[in-house]
Amino acid sequence: MSRESSHSPESRNVAASAGNFSDFQVPEILAPAGGRAQFFAALNAGADAVYLGMKEFNARGRAENFTLEDLSSLVPLARSRGMKVLVTINILLKEAELPRLIADLAELQWIGVEAVIVQDIGVARLIRREFPNLRLHASTQMAVHNLSGVLAAAKLGFRRVVMARELTAQELRKVRRDLPRDLVEIEAFCHGSLCYSYSGLCFFSGAEDARSGNRGECAYTCRKPYKILSEPGHGFLFSMKDLNTSQDLDKLVTAGIDTLKIEGRKKDAQYVATSVGLYRDKLNQLFGRDTSPRPLQHEVRDWQRDMAFSFHREMTTFFVKGRYHENVIDLANPTHKGLLIGKVAKVEGRTIEFVSEEALERFDGVRIDPALDVYHARPQHGDAIKANLKTANRKYAGEECQFSLRDFTVLQQRRTEAAAGERVRLQLPDDIKTPRPGDLIYKIRSNELKRHTEALSQAPDDSRLRPLRLVDFKIASNIQGEQLVLTVEARLAHTTLLRVEIQTPAQKPNREARLQKDLEEMFGIFGEAEVMAASFAWTGDFDWFVAKSLLKQLKKQVSDQLVESVPAYTQNSMDKANSSLSLQRKKLGPVQAARYQIKIDRLEYLQTMQAYAAAHPDFAIDEIVFEPKRAFLGKTSAEAVFAQLQAVAEAMNCQLRLALPTVIRAWDEPLLRPWLRLFKSDDKEKARFEVGNLGALELIEEAGYRLEDCDLGSDFTFYALNTEAVHTLVENNVTRVCLSVEDDLPSLRSKLRNWPEGAEPQVILYKDTPLFIAEACSLTALHHGCPTASVCGYRTLEIENDEGERFFVAHESCKSIVYGKEAFAVSDHRRRLMELGVRDFRIDFLTREYTAEALTVILDGIREGLKLPETHGANFERELL
């Protein structure tokens, strides 16, 4: 192939249409880097920025990742070539892990990264207070999905928000329209794997085997096959197609997105280089010019075709064009798909024959799939149903017929290459199951693309990698009498590390003044101190002559002080940050009496609750928490429902609290507004709200409340896995903090022994944990497109995995909630929790429909402190990974 600029022929001919985009900002391309090869691939392919993780504390804990020493050598290289580096700290941290994070942050503050991407609001608080030179970006794991959430994140100090993948281009446009860039930047995913659940709201992995997706240990339960028990059918019910917005990139550009993010820190350098090339080429087409951040020379390539050979599943634009415009779940395939190149025409022993629609060469990757789909569903296949998961389980386990081409023949001649359209005969490897005529053949890897990528996956030839810390220099020139005084300050953010001054007789140069240039060159790197100048600020007149020998003397003085001041400042920042972890905290003492809060979403439960409270006056129900859901309220007005709730609360002599849903999209807000008005506080009582997401705080304020005048409780989805997070909630006027259902007992104990002042802890004793909270709909997949509510009926599916575990997929209007047949319960540990200082206990009856008898049995067990039947304790007595 010819060597040309990175424009494709198509992109060089679109200048005439680029006028439509001249008023829009070119968004950055942010590429993933799971290891060094991917880092260099992004750099050489033309990414504006990369995001990567350290060895600990990131959501891709099983990727190669980077040491601090790696970063200290790679970041200066990236900066010298105009590529930003962002570091992910996008998990929830336990209390005991904060000192280790502080040690990393104390070193990271020197490295010159563009930003840190954070999920944990406690980690954000810690960074904002102790390491203010680290710019904060809100991870998509924070599940920010509306304008209110972005505003709330900005108030917490986040300079950029990575929006939930589920947002439409129209919603993104509204956020950008209402918020200026200088307040907060907006980042959106444009490509890569999709989670079934909202990112940050997946509890399946953590509940099943303690591998929490919120802790970088996702077990990918959404990629498993499931059998439907409530109706005929089976397949990969939660396996999302991969996001590819390249054909609709104009919608994201015109929405005003600042950064286009490519998912894939567990994917290889070939994927990184190809996806960056694809989106750079698309931006070039839209803007009619080269949008690359630095001069590049690449081969002209068919990037979409290359993507077929870089890990990808079937593609979707997800909800960019709007909700339910397409089926976003692939029931048949959970893994890399490749490019269909033909069918098995003949099988002779261990030899197959086929006509390839794609050129092949030795070492290309090939997969052969059965022609029969691995799933069947009545809406698509009528009564011709097979409920056998055998083939699907083999596909999930990777037991597929796939191999690397070695020897093959064309026209009875041994070849290493075959052209498209030629008939190919090849001998199957011994460990491959013999296929059948008609089976589908896919090319899943390209040896030619591998060769192309290998050249991009190396450090540039002219680069020198050495570990360096980055320091800002402020250099001043002043005349004092007949003396020239040069003053050098070394700074980290706004902190002065050292100040060195020299004097020399003021002397004008005979030729062009080089003082400023000499200082820049000489002070660029301090080898002994392992310091690099990140920037220079100049004050005064530098049109003077100073001997280089004197400048070398000045540099030596600065270097000697840097050798001492940098480690000293690092240690001091660590000590100060660690000391802060005990401020305004205390060990909670044991409590003698428990209080119970019961959370419901159905009015039908009120009668049972009222009767139970009357029969058991010793069972102190002090609050009813109600979450209004359109699916269960129908057309009943908020006023009528509120009146009924209020009457029961008065009869039970307890309080009433409104729970705002964790996910509140634009179309949900009209339902909530009348509820927010109804809870308006009077002089006697504060309005009581429960919040489960950043956006809820802002919505309450938008409704006319002052947060300090409300009684606020947080739900477990407003994660408080450490006391820094609790402090953040307290600073936002939350006075009751619900702890995570994913947490383990040692982690809970460490918080309760160091509990922040100003809030009470709350523990959930019983709950149908929402294993997935999703906008993607399995019913849409089963019907191969949204059939409308009149057909699907928002019916609940009962399903089973290959281990015999059962779950339910509920559809509350158009949101999908997955929960287990066994609920979460730690009722038998209530007394132990009371000894640790917990007074408030929540009991949740949400989503699942309960009979009066079932409610009574559960309440009896909780009151008596028993282990409830058909429940599990999640990670309470095992370690949350």
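Heads up: these notes are all about the structure in this document. (Residues numbered from 1 in each chain as written. Predicted model: local features only at pLDDT ≥ 70, side-chain atom pairs only at ≥ 80, totals over all residues. Heavy atoms only, no water.)

Here we look at the packing of helix α16 (residues 606–615) against helix α18 (residues 638–652)
Reasoning step 1: Running from N to C, α16 and α18 point in directions that differ by 10°, and their axes come no closer than 10 Å. Taken together, the axis directions place α16 and α18 in an arrangement best described as roughly parallel. The residues of α18 that touch α16, namely those facing Leu606, Met609, Gln610 and Ala613, are Gln644, Leu645, Val648, Ala651 and Met652.
Reasoning step 2: For the contact of α16 with α18, the per-class residue count stands at 7 nonpolar, 2 polar and no charged. (Axes fitted to C-alpha atoms, helices over the stretch in contact; angles between N-to-C directions. Helix = DSSP H or I, 4+ residues; strand = E, 2+ residues; numbered from the N terminus. Parallel < 35°, antiparallel > 145°, perpendicular 65-115°, else oblique. Contact = heavy atoms within 4.5 Å. Nonpolar A, V, L, I, M, F, W, Y, C, P; charged D, E, K, R; others polar.)

Remarks on unusual backbone geometry
Reasoning step 1: The backbone of Tyr220 sits at a positive phi, close to 55°, despite the residue not being glycine.
Reasoning step 2: The residue Ala493 is not glycine, and still its phi comes out positive at about 55°.

As for the layout of surface pockets
Reasoning step 1: When its volume is computed, the largest pocket comes out at roughly 940 Å³.
Reasoning step 2: Lining the largest pocket are 44 residues, with Arg60, Ser193, Tyr220, Glu263 and Lys266 sitting closest to its centre.
Reasoning step 3: Here the residues of the lining of the largest pocket sort into 16 nonpolar, 15 polar and 13 charged. (1 Å grid on protein atoms, 1.4 Å probe; cavity = no way out; pocket = protein on both sides within 12 Å on 5 of 7 lines; lining within 4 Å. Points joined across faces, edges and corners; volume = space filled by probe spheres on them.)

Concerning the sheet that holds strand β19 (residues 365–369)
Reasoning step 1: The strand order across the open sheet formed by 4 strands is β15-β26-β19-β21, and the pairing between neighbours is antiparallel. The open sheet has two free edges, formed respectively by β15 (339–343) and β21 (401–404), since each of these has just one partner strand. Direction aside, the axes of adjacent strands within the sheet are offset by 25° on average.
Reasoning step 2: Examined bridge by bridge, β15 and strand β26 (residues 440–445) share 4 bridges and lie antiparallel to one another. The residue bridging Lys343 from the neighbouring strand is Leu440, located in β26. (Pairing = 2+ DSSP bridges.)

Topic: the pattern of salt bridges
Reasoning step 1: Throughout the structure, instances matching the rule amount to 85 salt bridges.
Reasoning step 2: Arg445 is the partner of Asp268 in a salt bridge, and the nearest nitrogen-oxygen pair spans 3.1 Å. With Asp268 in the loop between β12 (259–262) and α9 (269–287) and Arg445 in strand β26, this residue pair connects regions lying 177 residues apart in the sequence.
Reasoning step 3: The exposure class of Arg445 is partly exposed, given its relative accessible area of 28%. (Salt bridge = Lys/Arg side-chain N within 4 Å of Asp/Glu carboxyl O. Buried < 20%, exposed > 50% of the residue type's maximum accessible area, 1.4 Å probe, protein only.)

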